[in-house]
Amino acid sequence: MHHHQVLAMQQCNRPLQLSQLISCTSYSSQNVQMIHTSLCASRPALNASLRTQQCQVPRISHQRRRVSNSRTGAEMEELEDVDLSQLDEEDLDVLFEEYGEVVLTDGKPRPVASDVDDDAETLTFAIALAEAANEVKGAEIQVLFVKPLIYWARYFVLATAFSKPQVDAIGRRMRDMAEERFDHSPRGDTKPNSWTLLDFGDVVVHIFLPKERAYYNLEEFYGNATRISLPFENRVVQ
Amino acid sequence: MCIRVLGASNRKYAHIGDVIIAVVKEAIPNMPLKKSEVVRAVVVRTCKELKRKNGTSVQFDDNAAVVINQEGNPKGTRVFGPVARELRESDFTKIVSLAPEVL
């Protein structure tokens, strides 16, 4: 269960063995779902929109006991058989699967597959750019999957060129290939630079001269990014 | 300290993404930048709010710039603090890629 999902209990006419109220700690505007769980089979699932409009503060089961919190010394009501702090993601996931039903989603939920497809397309593009760099004899080409680290790009392609004309050649090759095959045109450096950057939106290409590659050391900065294996052998900078 | 805003003659104020000419007023010892050196820099954070087309605005707690060289590459290897994503539109994606956070 995602941390942003709110699991709310409906009071059922039958006495319940187990009841929980779990509230989300963080709010994600993109993917908010309100889930009602209905342990009582006699309650049919209502229309999603109706339910959200009539949604009230969920009522917790009557089965509680008074406990005192040893840490703070405060007395509070603890839910029977449940220690919320001990429930982790898997338990919540199980509960969700068993009892949960989607009540409200904001907007049309994209199927998970479309995300993977988008990524696959971008990955093909990134690998094609890496191959273009390889054709022009670029060295130490790396493709990093940075989507989990930053929101503004998905893949980084890093390459080393040994001279500014070579940087220019790699840049031109990549631009032409992107235009021809994928219909993307980059923003970024048009004149060859010791650090040339081509911004294709989801894929950002960094072409360095050997000194700058060592100086800026982007691999260390993005050390947590997964390296994508490339279909060709990498040349090493001597 | 800013001594000139590049981009137009007699331009009064610099915003995020503008290149400025600045002079170093304070420097810690044993650094490549010395006091009273004239440098180019890109403004990355401003206390004045930056309004975006979607109606939101972002403002930071301080004014900050990243020193760049003549080619437009940052002089240092790392950037401290968050930067605004408008830098990407101003073709400073290099700074964005070095930033710990982009807002």
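Up top is the structure these notes are about.
Okay, so let's go over this structure. (Residues numbered from 1 in each chain as written. Chains lettered and ligands numbered in written order. Predicted model: local features only at pLDDT ≥ 70, side-chain atom pairs only at ≥ 80, totals over all residues. Heavy atoms only, no water.)

Some remarks on the overall build of chain B
Just so we agree on the cut-off: Secondary structure elements are defined from DSSP: runs of H or I of at least 4 residues count as helices, runs of E of at least 2 residues count as strands, and each element is numbered from the N terminus. Whether a residue is buried, partly exposed or exposed follows from its accessible area with a 1.4 Å probe, protein chains only, as a fraction of its type maximum: under 20%, in between, or over 50%, in that order. Residue contacts are defined here by distance: any two heavy atoms, one from each residue, within 4.5 Å place the two residues in contact. To be clear on the numbers: accessible area is Shrake-Rupley with a 1.4 Å probe, and residue cover counts the displayed protein chains and nothing else.
Secondary structure summary: chain B contains two helices and six strands in total. Listed N to C, the secondary structure of chain B is β-β-β-β-β-β-α-α in terms of helices and strands. The buried share of chain B, taken over its 103 residues, is 41%. Within chain B, contacts between residues at least 6 apart in sequence are counted, and of these 34% link residues at least 24 apart. Of the roughly 6,300 Å² that chain B leaves accessible, carbon and sulfur atoms contribute 53%.

Side note on unusual backbone geometry
All names here are of chain B. Positioned with a positive phi, Asn30 is a non-glycine residue whose angle comes to about 60 degrees. Within the secondary structure, Asn30 sits in the loop between β2 (19-23) and β3 (38-45). In this structure, Ser36 is a non-glycine residue whose phi angle is positive, near 65 degrees.

Quick notes on the pairing of strand β9 (residues 195-199) of chain A
Residues and elements named next belong to chain A. Counted only if it meets this: Strand pairing is assigned whenever DSSP identifies at least 2 bridges connecting the two strands.
The element β9 is extensively covered by neighbouring structure, given that five of its five residues are classed as buried. Side chains of β9 alternate between two faces, with Trp195, Leu197 and Asp199 and Thr196 and Leu198 buried alike. By the bridge criterion, two bridges tie strand β8 (residues 187-188) to β9 in an arrangement that is antiparallel. Following the sheet pairing, Gly188 is matched in β9 by Leu198. Taken together, β8 and the strand that follows it, β9, pair antiparallel across an intervening segment of six residues. Where β9 meets strand β10 (residues 203-208), five bridges bridge the pair, whose relative direction is antiparallel.

Worth remembering: the numbers are spatial, not functional.
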